Amino acid sequence: MVTSSLVMHILNGLAYGMLLFMIAAGLSIIFGLMNVVNLAHGAFYLAGVYIAYSLVVRHMGFWPSLLVSVAVVAILGVLVEKWLLERVYGRELEQVLLTFGLSFIFADLVEWIWGSSPLTLPVPEALDVSLNVGGMMFPAYRIFVILVGCLLAVLLWYIESKTRIGAIIRAGVDDREMLSALGININVVFTCMFAVGAALAGLSGVLGGPIMGMYVGIDAEILVSSLVIVVVGGLGTWKGAFIGAIVIGVVDTLGRVWFPSFTMAMVFLIMIAVLLMKPNGLFGRGAAA
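(A) Just a nonpolar patch on the surface, in detail. Taken together, the side chains of Leu-6, Ile-10, Val-257, Trp-258, Phe-259, Phe-262, Leu-269, Ile-272, Leu-276 and Met-277 make up a nonpolar region of the molecular surface, amounting to roughly 1,000 Å² of accessible area. Put simply, the parts of the chain that give the nonpolar patch at least two residues each are α1 (2-34), α10 (238-258) and α11 (263-277). In terms of residue count, α11 provides more of the nonpolar patch than any other element does, four residues in total. In this structure, Leu-276 sits in helix α11. Among the residues examined, Leu-276 registers a relative accessible area of 71% and is labelled exposed.

(B) How the structure looks around the packing of helix α9 (residues 218-233) against α10. Close contact between α9 and α10 brings their axes to 8 Å; oriented N to C, the two are set at 125°. With respect to their mutual orientation, α9 and α10 come out oblique. Note that α9 runs across α10; the crossing there is right-handed. On α10, the residues that touch Val-228, Ile-229, Val-232 and Gly-233 of α9 are Gly-240, Ala-241, Gly-244, Ala-245 and Ile-248. When its residues are assigned to classes, the contact of α9 with α10 shows six nonpolar, three polar and no charged.

(C) A look at the packing of aromatic side chains. Applying the stated rule across the entire model yields nine aromatic pairs. Each ring, one from Phe-44 and one from Phe-106, has its centre 6.3 Å from the other, and the planes form 65°; the classification is edge-to-face. Of this pair, Phe-44 sits in helix α2 (residues 41-57) while Phe-106 sits in helix α4 (residues 92-114), placing them 62 residues apart in sequence. Each of the two residues, Phe-44 as well as Phe-106, counts as buried. Seen in terms of ring centroids, Tyr-50 and Trp-114 are 5.1 Å apart; in terms of plane orientation they differ by 40°. Their pairing is tilted. With Tyr-50 in helix α2 and Trp-114 in helix α4, the pair connects residues that are 64 residues apart, well separated along the chain.

(D) Structural view of the environment of Pro-210. Topologically, Pro-210 is positioned in helix α8 (residues 186-212). Sequence-wise, Pro-210 and Tyr-141 are 69 residues apart; in three dimensions their C-alpha atoms are separated by 8.7 Å. Aside from chain neighbours lying at most four places away, what touches Pro-210 is Phe-62, Thr-120, Leu-121, Pro-122, Val-123 and Tyr-141.

(E) Main features of the environment of Trp-157. Along the chain, the position of Trp-157 falls in helix α5 (residues 140-162). Along the backbone, Trp-157 and Trp-238 are 81 residues apart, and their C-alpha atoms lie at a distance of 8.0 Å. Excluding residues within four positions of it along the chain, Trp-157 makes contact with Lys-162 and Trp-238.

(F) Local environment of the environment of Ile-168. Tracing the sequence through the fold places Ile-168 in helix α6 (residues 164-174). Exposure remark for Ile-168: the relative accessible area of 15% places this residue in the buried category. Between the alpha carbons of Ile-168 and Ile-184 there is a distance of 8.3 Å; along the sequence they are 16 residues apart.

(G) A look at the side chain of Gln-95. Here Gln-95 is to be found in helix α4. Among the residues examined, Gln-95 registers a relative accessible area of 1% and is labelled buried. Excluding anything up to four places from it in sequence, Gln-95 contacts Asn-35, Val-36, Val-37, Val-88, Tyr-89, Gly-90 and Phe-100.

(H) Representation of the side chain of Ser-225 within the structure. By secondary structure assignment, the location of Ser-225 is in helix α9. In this structure Ser-225 touches Tyr-16 and Leu-20, once residues within four positions along its chain are discounted.

Basis of the calculations
- Residues numbered from 1 in each chain as written.
- Predicted model: local features only at pLDDT ≥ 70, side-chain atom pairs only at ≥ 80, totals over all residues.
- Heavy atoms only, no water.
- Patch = residues over 30% accessible without salt bridge, like charges linked within 9 Å, V, L, I, M, F, W, Y side chains within 5 Å.
- Areas by Shrake-Rupley, 256 points an atom, 1.4 Å probe, with all protein chains shown as cover.
- Salt bridge = Lys/Arg side-chain N within 4 Å of Asp/Glu carboxyl O.
- Helix = DSSP H or I, 4+ residues; strand = E, 2+ residues; numbered from the N terminus.
- Buried < 20%, exposed > 50% of the residue type's maximum accessible area, 1.4 Å probe, protein only.
- Axes fitted to C-alpha atoms, helices over the stretch in contact; angles between N-to-C directions.
- Parallel < 35°, antiparallel > 145°, perpendicular 65-115°, else oblique.
- Left-handed = near helix turned anticlockwise from the far one by under 90°.
- Contact = heavy atoms within 4.5 Å.
- Nonpolar A, V, L, I, M, F, W, Y, C, P; charged D, E, K, R; others polar.
- Phe/Tyr/Trp six-rings, centres within 6.5 Å; stacked < 30°, edge-to-face > 60°.

Listed below in structure tokens is the structure:
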């Protein structure tokens, strides 16, 4: 009985970790490639889930709503990057203040449009069942989220290792000036990467809606966890985001079950321990890959 309960908590932690991975992967690459301190990244999570909710309640269906909301959030990311962040590249303090302010603006807009009451995005009907996993029943939707996170990790590995786009991204993380000297339009690369990062945050929001609910303030909670993952895993690497998300997701979930008043301390202790051993993170630049 204890073993079954532990397995269930670990699976819940993996599902939560995969949601964190989706948002942290984009955040990590944006930090590593663009040197942009984007404290509004959680707002893209918030925008994704609330846009999807509006479409679902209008009977569009979960899957079309997911695609539309992710596309809208990606476009929103492009607008933020081109109209606002492009003006403050290389100025970290201005980036912090700008994106911090944007996060409050997004939160206020959400509260104005959808209200402050907590909401829940319905689980898609096809996945609103439980499966027998090792003799216990576990929600199929959470297993689906775990699989999506793993497939995304494989996709990111393939893009990074096997495609020209991946080579450009790696080069941009290591030496942006050399990349520009080779004739690559770095501004286009920046915009595309920011759009992808925003889209991943929106995807995390839509998939996380049925699990974590929807309320103003969840964007800040998700952002803090994502920043911890970026620090633990290292800047500019999806591998670090993946491993960090699994560790933080499982530890956070188990902590909420067994040590609810000590959970955040446990998460930050992990971050401190990693920084003491590997100041660049587990897979960050300068760390052993």
